[in-house]
Amino acid sequence: IYTLSLHDALPICRYNADFFFFSCRGLSDNGELTDISEAEDYIRLHMMERSKKAYLLCNSSKFSTRCFHHLCHASELSGIISEGEAPEGLGEYFL
């Protein structure tokens, strides 16, 4: 199993993007995006900051899930893309 370290993530800080599509482990009922990897969240946060638009790709199995590490809130994104129907109270964030 390969584990990403913060040292591995440093080069990503040099990139800019028009669009950033990403995933995470959980989308809570109140719109909090969470994950188990601080190092991966570090990359996600930097790419969100360096992109014109950031979209969460989230399948419905991740709804109502909250993991250890907080990434951001759905309101900080350009939108959420999912195959499932938006959970109650989060519809405004879904495309």
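Before any of the text, the structure's been laid out above.
Fair warning: this is a prediction, and the values are worked out from it, not measured in the lab.

### Observations concerning the nonpolar core
It is characteristic of soluble globular proteins that their nonpolar side chains tend to be buried jointly.
Part 1 of the argument: If you look at the biggest cluster of nonpolar residues, it comprises 21 residues, and the most contacted ones within it are Phe22, Leu27, Leu33, Met48, Leu56, Leu77 and Ile80.
Part 2 of the argument: For this core, the elements supplying multiple residues, two or more each, are β1 (17–22), α2 (38–49), β4 (51–57) and β5 (69–73).
Part 3 of the argument: Once you skip the residues sitting within four places of it in the chain, Leu27 turns out to touch Glu32, Leu33, Cys58, Lys62, Phe63, Ser64, Thr65, Ile80, Leu90 and Phe94.

### A few points about the sheet that holds β1
Part 1 of the argument: With parallel pairing, the three strands of this open sheet are ordered in space as β1-β4-β6. Either end of the sheet is taken by a strand with one partner, and the two such strands are β1 and β6 (79–81). Strand after strand, the sheet turns through a mean of 25 degrees between neighbouring axes, direction not considered.
Part 2 of the argument: By the bridge criterion, three bridges tie β4 to β6 in an arrangement that is parallel. In the strand pairing of β6, Leu57 is matched with Ile81.
Part 3 of the argument: Seen against the sheet, α2 touches β1 and β4 and runs at an angle of roughly 145 degrees to β1.

### Topic: the environment of Tyr42
Part 1 of the argument: Assignment of secondary structure puts Tyr42 in helix α2.
Part 2 of the argument: The exposure class of Tyr42 is partly exposed, given its relative accessible area of 27%.
Part 3 of the argument: Residues Tyr42 and Leu71, 29 residues apart in the sequence, show an inter-C-alpha distance of 8.5 Å.

### With respect to the sheet that holds strand β2 (residues 26–27)
Part 1 of the argument: One open sheet holds the three strands; their spatial order is β2-β3-β5, and the pairing between them is antiparallel. Looking at which strands have only one partner, the edges of the open sheet turn out to be β2 and β5.
Part 2 of the argument: Bridge count between β2 and strand β3 (residues 32–35): two bridges; the pairing is antiparallel. Looking across to β3, one finds that Gly26 is bridged to Thr34.
Part 3 of the argument: Taken strand by strand, α2 contacts β3 and β5, and its axis lies near 20 degrees from that of β5.

Thresholds, definitions, all that
- Residues numbered from 1 in each chain as written.
- Predicted model: local features only at pLDDT ≥ 70, side-chain atom pairs only at ≥ 80, totals over all residues.
- Heavy atoms only, no water.
- Core = buried A, V, L, I, M, F, W, Y, C linked by side-chain atoms within 4.5 Å.
- Buried < 20%, exposed > 50% of the residue type's maximum accessible area, 1.4 Å probe, protein only.
- Helix = DSSP H or I, 4+ residues; strand = E, 2+ residues; numbered from the N terminus.
- Contact = heavy atoms within 4.5 Å.
- Pairing = 2+ DSSP bridges.
- Axes fitted to C-alpha atoms, helices over the stretch in contact; angles between N-to-C directions.

What is shown is where atoms sit, not what they do.
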